[in-house]
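Fold and contact review
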Amino acid sequence: MQPAQPVEFFMTAGAKFLKLPEEYVVQALAIIAETSEEDFSLSSRSRRTKCAAATYITLMLNIKHRNQRDVADAFDTTEVSVRSVYSQMLESYLRLHPE
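All values derive from a computational prediction rather than experimental measurement.

Here we look at the packing of aromatic side chains
Scanning the entire structure with this criterion turns up 1 aromatic pair. With centroids separated by 5.1 Å and ring planes inclined at 85 degrees, the aromatic side chains of Y56 and Y86 adopt a geometry described as edge-to-face. With Y56 in helix α3 (residues 47-61) and Y86 in helix α5 (residues 79-96), this pair connects stretches of sequence that are 30 residues apart. Across this residue pair, the class does not change: Y56 and Y86 are buried.

The following block contains the structure:
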């Protein structure tokens, strides 16, 4: 059995695939940290899917369009998983940042 990979590993790999700037990676990692603290049920989600969802939110916040399939492929997860975690994570993020 291999040890679990940290979120940063998946984020770095996915960001390279999508050719994202470092600031987007930092922003996505912050979204994961904030929303996981605010909504405990997110902690049971896979690291890959959380990275994909946070990346998708980051891209939306920075007005950079990528479809969910591209993001899901970059993190080796499914669109359905990204959509599910994205909606839950976005709801949590908007509670923390109502502006």
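So that's the structure; there's more coming.
Section: the environment of E38
Locating E38 in the fold gives a position in helix α2 (residues 22-38). We classify E38 as partly exposed; its relative accessible area is 32%. Separated by 12 residues in the primary sequence, E38 and V26 have C-alpha atoms spaced 18 Å apart. When neighbours within four sequence positions are excluded, E38 is seen to be in contact with S92, R95 and L96.

Digging into the pattern of salt bridges
Should their charged atoms come close, side chains of opposite charge can pair. In total, this model carries 4 salt bridges according to the counting rule given. A salt bridge links R95 to E38; the shortest N-O distance between them is 2.9 Å. Of this pair, R95 sits in helix α5 while E38 sits in helix α2, placing them 57 residues apart in sequence. Of the charged contacts in the structure, one is a salt bridge between E79 and R69, with a shortest N-O distance of 3.1 Å. Here E79, found in helix α5, pairs with R69, found in helix α4 (residues 68-74); they are 10 residues apart in sequence, far enough to count as distant. Residue class for R69 comes out partly exposed when judged on its relative accessible area of 49%. Connected through salt bridges with shared partners, the residues E38, E91 and R95 form a single ionic network.

Points about the packing of α2 against α5
Remark: α2 packs on α5, axes separated minimally by 9 Å, with the N-to-C direction vectors making an angle of 85 degrees. Classified by the angle their axes make, α2 and α5 are roughly perpendicular. Residues I31, I32, E34, T35 and E38 of α2 lie in contact with α5, whose contacting residues are M89, S92, Y93, R95 and L96. Residues that form the contact of α2 with α5 fall into these classes: 5 nonpolar, 2 polar and 3 charged.

Focus: the environment of L61
Among the secondary structure elements, L61 is positioned in helix α3. Distance from L61 to Q88, taken between C-alpha atoms, is 16 Å for residues 27 residues apart in sequence. Residues within four places of L61 in sequence aside, it is in contact with Q27, I31 and Y93.

Calculation notes
- Residues numbered from 1 in each chain as written.
- Predicted model: local features only at pLDDT ≥ 70, side-chain atom pairs only at ≥ 80, totals over all residues.
- Heavy atoms only, no water.
- Phe/Tyr/Trp six-rings, centres within 6.5 Å; stacked < 30°, edge-to-face > 60°.
- Helix = DSSP H or I, 4+ residues; strand = E, 2+ residues; numbered from the N terminus.
- Buried < 20%, exposed > 50% of the residue type's maximum accessible area, 1.4 Å probe, protein only.
- Contact = heavy atoms within 4.5 Å.
- Salt bridge = Lys/Arg side-chain N within 4 Å of Asp/Glu carboxyl O.
- Axes fitted to C-alpha atoms, helices over the stretch in contact; angles between N-to-C directions.
- Parallel < 35°, antiparallel > 145°, perpendicular 65-115°, else oblique.
- Nonpolar A, V, L, I, M, F, W, Y, C, P; charged D, E, K, R; others polar.

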